[in-house]
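Inside the fold
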Amino acid sequence: MSVKPITSHGQFISIMMEEGKTVIVDFVSESCPHCKAIAPTFDELASKFSSDKIEFYVINAEKLDDVSFEVGGITSYPTFIAFKDGNKMEESTFGAARNDFRTRQHFNKINLPEVKHSARDLSRRINSQMTTRDW
């Protein structure tokens, strides 16, 4: 499966109401270069780990500011939030600071063994991209 867009507040509420699911949401801005840089890695995670119990979504936080407000206010992009049964489990904001790009630590806190397994490799690839790209 791939990353699915959330395009309305109603859709977000519907997804949060589903029991027994872990939902990982990437809150982005269309004008954010860091959001675009991490998107392929987030897509890769979704392709690898999506199942009937884990789903990956993306929200344009500027267009759906009511959802951004509801989850506590999104102030930096990209922001990743994991929800379990509609409850916020973990939040990680990478924003623009290269040194805050901690994918492995973020997914370790989510406590999904299948995601933790390859998070170290993804973290290495992301850090490699961050050092080779000109921001």
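Parameters and conventions
Residues numbered from 1 in each chain as written. Predicted model: local features only at pLDDT ≥ 70, side-chain atom pairs only at ≥ 80, totals over all residues. Heavy atoms only, no water. Helix = DSSP H or I, 4+ residues; strand = E, 2+ residues; numbered from the N terminus. Buried < 20%, exposed > 50% of the residue type's maximum accessible area, 1.4 Å probe, protein only. Contact = heavy atoms within 4.5 Å. Areas by Shrake-Rupley, 256 points an atom, 1.4 Å probe, with all protein chains shown as cover. Salt bridge = Lys/Arg side-chain N within 4 Å of Asp/Glu carboxyl O. Phe/Tyr/Trp six-rings, centres within 6.5 Å; stacked < 30°, edge-to-face > 60°. Polar contact = N/O pair within 3.5 Å; in protein donor to acceptor, adjacent residues only side chain to side chain. Core = buried A, V, L, I, M, F, W, Y, C linked by side-chain atoms within 4.5 Å. Arc of directions from axis to C-beta. Expected span 1.5 Å × (residues − 1). Bend = angle between axes of the 7 residues up to and from the residue.

Labelled according to an unreviewed UniProt entry, the protein appears under the name Thioredoxin-like protein, originating from Suillus subaureus.

This part is about the overall build of the protein. For the protein, the count of helices and strands is five helices and five strands. Overall, the protein shows an N-to-C arrangement of helices and strands of β-α-β-α-β-α-β-β-α-α. The burial tally for the protein puts 44% of its 135 residues in the buried class. Contacts in the protein between residues far apart in sequence, at least 24 positions, make up 68% of those at least 6 positions apart. Roughly 7,100 Å² of accessible area belongs to the protein as shown, and the carbon and sulfur atoms make up 48% of that amount.

It is worth spelling out the pattern of salt bridges at this point. Think of it this way: side chains of opposite charge can pair up when their charged atoms draw near. Scanning the entire structure with this criterion turns up four salt bridges. A salt bridge links Lys4 to Glu55, with the shortest nitrogen-to-oxygen separation between them at 3.7 Å. With Lys4 in strand S1 (residues 4-6) and Glu55 in strand S3 (residues 54-60), the pair connects residues that are 51 residues apart, well separated along the chain. With relative accessibility at 26%, the residue Lys4 sits in the partly exposed group. Two residues, Glu55 and Lys21, come together in a salt bridge whose shortest N-O distance is 2.6 Å. In this pair, Glu55 is assigned in strand S3 and Lys21 in the loop between helix H1 (9-17) and strand S2 (22-28), connecting sequence segments 34 residues apart.

This part covers the packing of aromatic side chains. Summed over the entire model, instances satisfying the criterion amount to three aromatic pairs. Plain terms: the ring middles of Phe42 and Phe80 are 5.4 Å apart, the flat faces sit at 50° to each other, and that makes the pair tilted. Of the two residues, Phe42 is situated in helix H2 (residues 33-49) and Phe80 in strand S4 (residues 79-84); the sequence distance between them amounts to 38 residues. The buried category is assigned to Phe42, whose relative accessible area is 2%.

The next subject is the side chain of Lys21. By relative accessible area, Lys21 is classed as buried at 16%. Among the polar contacts made by the side chain of Lys21, one reaches the side chain of Glu18 at a distance of 3.0 Å. Apart from the residues within four sequence positions on either side, Lys21 is in contact with Asp52, Lys53, Glu55, Phe83, Lys84 and Asp85.

One finds Phe12, Phe27, Ile59 and Phe83 to be the most contacted residues of the largest nonpolar core, which totals 16 residues. Of all the secondary structure elements, the ones that give two or more residues to this core are H1, S2, S3 and S4. Aside from chain neighbours lying at most four places away, what touches Ile59 is Ile6, Phe12, Val25, Asp26, Phe27, Val28, Leu64 and Val67. If you look at the next biggest cluster of nonpolar residues, it comprises 11 residues, including Ile24, Ile54, Phe56 and Ala82.

Looking only at H1, the buried set comprises Phe12, Ile15 and Met16. All buried residues of H1 fall inside an arc of 100° around its axis, so they share one side.

The subject of this paragraph is H2. In this model H2 runs 25 Å from its N-terminal to its C-terminal C-alpha over 17 residues, within 8% of the 24 Å that 1.5 Å per residue would give. Bending of H2 peaks at approximately 40° at the position of Ala39, with proline Pro40 no more than four residues after it. Those residues of H2 that fall on the buried side of the exposure criterion are His34, Cys35, Ala37, Ile38, Thr41, Phe42, Leu45, Ala46 and Phe49.

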